[in-house]
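What the coordinates show
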Amino acid sequence: MDHFAYRSGTLHAEDVALADIARVVGTPFYCYSTATLTRHYRLFTEALSPLPHLVCFAIKSLSNVAVLKTLGDLGAGMDVVSAGEYLRAKAAGVPGDRIVFSGVGKTREEMRIALEGGIRQFNVESEPEMRALSEVAVSLGKVAPITIRVNPDVDARTHEKIATGKSENKFGIPIARASEVYAEAARLPGLDVVGIDVHIGSQLTELEPFEQAYLKVADLTRRLRAEGHDIRRLDLGGGLGIPYARGNEAPPLPTDYGALIKRTVGDLGCEIEIEPGRLISGNSGVLVSRVIYVKNGEGRDFLILDAAMNDLVRPSMYGAHHDIVAVEEPVVGADQQPYDVVGPVCETGDTFAKARPLPALAEGDLVAFRSAGAYGAVMASEYNTRPLIPEVLVKDDHYAVIRARPTFDEILSRDTIPDWL
Ligand code: LLP
């Protein structure tokens, strides 16, 4: 459930009409709903209670500092994968002891920034990284709390570009070698081994792969404890999928996922961390765009929007589906017609949908891409020198621009012409 709905014939985010925002802010823009972010975060905390737990929002899905503050103020932890994301979490007021640092290639500089600023744990992904982290910690006179990310060799049955838990993927250490790697970690002077980390992929629409992975983690916890390690925290990653095509998809709910966690690892006495991104942010955001032209092509009509692949890359990158709706509510029973929905960028890949049934639309009409809160704004670029589009946060009946559209002068001023040219 989310808080985007038609009221008085026009699509609202909570109590604010998207058309009103469009008039003031211009299009295209991203719009997020505070109530939806809050609701989705709470679904997870409720699903995991009464286990001791921390829900660490995966910042990579939506990293605007105002969104992070919204979640951080509710008590959320943060999962970061770069120094930049770490600094965003801190800028949002999230204390270091609620921030976990994931990622397969952390640099020494990133380790230093997090150690100096305070960190709950590093999720270490390889032996060389583990040795580097120990060195950096020792040089700062600190001890780095770590989990080691294990690769459970489980098929997440999701898009190949976002599956991470098979042995051929670059992530984590093979679970079969865990004893050896944990033994070395325990000997390194700058590390304190606190737990195990696993993350098998994103947009999972079944619970079974999670179950397989978590059962393996439960076995490993018992084995590592028998080998003398004080395993007291399990980071179970993110990845729970969301319905992108409303009405046709029903991925498992956070309550089912929570029950699965309790069933598989709940008896180990560990503190549980999870790292959901998409399920919290995805349906909390829409991308609002205006029709520039309707072009009648050979056997098809093109809806040419002012949003493009640089603003929302998921359709062209993963073939991802996003529901597209008219902002002005179509009359009940109105005819639909197929449109190829495209952006203005100069490549054929700049196509959001083909033959998508939509009510008749005309130049100037507004449309909204649903489920665009996750991996939307964060993956945007300025390809074709199109300015990054603004982000707007709604709460009840008010809204604020939480990232402004840059001016062309700002964009151009970042380039410099060398004095020898
Ligand atoms: N934890 C780790 C270590 C991750 O790598 C990810 C996502 C998450 C948590 C959060 O996963 P989520 O709950 O959001 O599924 N750009 C792609 C998704 C890439 C996901 C990368 N890792 C997309 O647009 O579908």
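Residues numbered from 1 in each chain as written. Predicted model: local features only at pLDDT ≥ 70, side-chain atom pairs only at ≥ 80, totals over all residues. Heavy atoms only, no water.

Attention now moves to the overall build of the protein chain. Helix and strand content of the protein chain: twelve helices and 21 strands. A globule of 421 residues ought to have a C-alpha radius of gyration of about 22 Å, and the protein chain, at 23 Å, matches this closely. Taken over the C-alpha atoms alone, the protein chain extends approximately 70 × 60 × 40 Å along its principal axes. Looking at the protein chain as a whole, 56% of its 421 residues are labelled buried. Nonlocal contacts in the protein chain, meaning residues at least 24 apart in sequence, comprise 70% of its contacts between residues at least 6 apart. For the protein chain, the exposed area adds up to about 17600 Å²; of that, 52% sits on carbon and sulfur atoms. Side-chain charges in the protein chain split into 44 positive and 58 negative, and the spacing between the mean points of these groups amounts to 3 Å. (Helix = DSSP H or I, 4+ residues; strand = E, 2+ residues; numbered from the N terminus. Rg over C-alpha atoms; globule rule 2.2 N^0.38 Å. Buried < 20%, exposed > 50% of the residue type's maximum accessible area, 1.4 Å probe, protein only. Contact = heavy atoms within 4.5 Å. Areas by Shrake-Rupley, 256 points an atom, 1.4 Å probe, with all protein chains shown as cover. Lys, Arg positive; Asp, Glu negative; His and termini not counted. Charge placed at Lys NZ, Arg CZ, Asp CG, Glu CD.)

Below, the discussion takes up the site of the ligand. In the region of the ligand, 18 residues are neighbours, and Ser 202, Glu 275, Arg 314, Tyr 318 and Tyr 375 sit closest. Ser 202 is positioned with one of its side-chain polar atoms (N or O) 2.4 Å from an oxygen atom of the ligand. One of the side-chain nitrogen or oxygen atoms of Glu 275 is found 2.6 Å away from a nitrogen atom of the ligand. Protein contacts shield 91% of the accessible area of the ligand, which totals 590 Å² for the unbound molecule. Each residue belonging to the shell around the ligand can be placed in one class, and the counts come to six nonpolar, six polar and six charged. (Near = heavy atom within 4 Å. Polar contact = N/O pair within 3.5 Å; in protein donor to acceptor, adjacent residues only side chain to side chain. Nonpolar A, V, L, I, M, F, W, Y, C, P; charged D, E, K, R; others polar.)

What follows covers the packing of helix H2 (residues 34–48) against helix H3 (residues 65–72). Two numbers describe how H2 lies on H3: the axes approach to 10 Å, and their chain directions differ by 45°. Considering their axes alone, H2 and H3 lie oblique with respect to each other. Like other packed secondary-structure pairs, H2 and H3 cross with a definite hand, here right-handed. The residues of H3 that touch H2, namely those facing Thr 34, Leu 37, Thr 38 and Tyr 41, are Val 67, Thr 70 and Leu 71. (Axes fitted to C-alpha atoms, helices over the stretch in contact; angles between N-to-C directions. Parallel < 35°, antiparallel > 145°, perpendicular 65-115°, else oblique. Left-handed = near helix turned anticlockwise from the far one by under 90°.)

On to the domain arrangement of the protein chain. In terms of domain boundaries, the protein chain breaks down into domain 1 (4–31 + 283–412) and domain 2 (34–281). Computed from C-alpha coordinates alone, the two centres of domain 1 and domain 2 are separated by 32 Å. With both sides pooled, the region where domain 1 packs onto domain 2 buries about 2100 Å², and carbon together with sulfur makes up 50% of that total. If you sort the residues of domain 1 by the area they bury against domain 2, Asn 283, Ser 284 and Tyr 375 come out on top, with a joint share of 28%. At the junction of domain 1 with domain 2, the criterion picks out one salt bridge. The shortest N-O distance in the salt bridge between Arg 246 and Asp 323 comes to 3.8 Å. At the boundary of domain 1 with domain 2, the tally comes to 14 residue pairs in polar contact (both at pLDDT 80 or more). When residues of the side of domain 1 that touches domain 2 are traced back to their parent elements, those giving at least two are helix H11 (314–318), strand E20 (391–395) and strand E21 (398–403). Here the side of domain 1 that touches domain 2 is built from residues that sort into eight nonpolar, eight polar and seven charged. (Domains from an automatic or database assignment. Buried area = accessible area lost by both parts, 1.4 Å probe. Salt bridge = Lys/Arg side-chain N within 4 Å of Asp/Glu carboxyl O.)

A separate point is the pattern of salt bridges. Inspection of the entire model under this criterion finds 31 salt bridges. A salt bridge links Glu 135 to Arg 108; the shortest N-O distance between them is 3.4 Å. You can see Glu 135 sitting in helix H6 (residues 127–139) and its partner Arg 108 sitting in helix H5 (residues 108–117), a full 27 residues away along the chain. On the basis of relative accessibility, which here comes to 48%, the residue Arg 108 falls in the partly exposed class. For Glu 206, the salt bridge identified is with Arg 157, shortest N-O distance 3.0 Å. Of this pair, Glu 206 sits in the loop between strand E11 (191–197) and helix H8 (208–226) while Arg 157 is found in the loop between strand E9 (144–151) and strand E10 (173–174), placing the two residues 49 residues apart along the sequence. Through salt bridges with shared partners, a single ionic network connects Asp 2, Arg 246, Asp 323 and Arg 370.

With that settled, consider the packing of aromatic side chains. The description of an aromatic ring pair uses the distance of the two centres, along with the angle that the planes make with each other. Using the criterion set out here, one finds seven aromatic pairs in the structure. Ring plane angle 40° and centroid distance 5.8 Å describe the contact between Phe 210 and Tyr 214, whose orientation is recorded as tilted. Linking Phe 210 with Tyr 214, this pair stays in helix H8, spanning four residues, or about one helical turn. The pair Phe 210 / Tyr 214 is uniform in exposure class, with both members buried. Seen in terms of ring centroids, Phe 210 and Tyr 257 are 5.0 Å apart; in terms of plane orientation they differ by 65°. Their pairing is edge-to-face. Of this pair, Phe 210 sits in helix H8 while Tyr 257 sits in helix H9 (residues 254–265), and the two are 47 residues apart along the sequence. On the accessibility criterion, Phe 210 (1% relative accessible area) is buried. (Phe/Tyr/Trp six-rings, centres within 6.5 Å; stacked < 30°, edge-to-face > 60°.)

Strand order in the open sheet formed by three strands is E1-E2-E3, with antiparallel pairing between adjacent strands. If you trace the sheet from one side to the other, it starts and ends with strand E1 (4–7) and strand E3 (16–17), each paired once. Pairing geometry for E1 and strand E2 (residues 10–13), over four bridges, is antiparallel. Looking at the pairing, Ala 5 lines up with His 12 of E2. (Pairing = 2+ DSSP bridges.)

Here we take up the side chain of Gln 121. Considering the arrangement of structural elements, one finds Gln 121 in strand E8 (residues 121–124). Residue classification places Gln 121 among the buried residues on the basis of a relative accessible area of 0%. Within the local environment of Gln 121, its side chain forms a polar contact with the side chain of Asn 123, the two groups lying 2.8 Å apart. Here Glu 273 takes part through its side chain, which lies 2.8 Å from a polar atom of the side chain of Gln 121. Setting aside chain neighbours within four positions, we find Gln 121 in contact with Ile 99, Val 100, Phe 101, Pro 145, Thr 147, Arg 233, Asp 235 and Glu 273.

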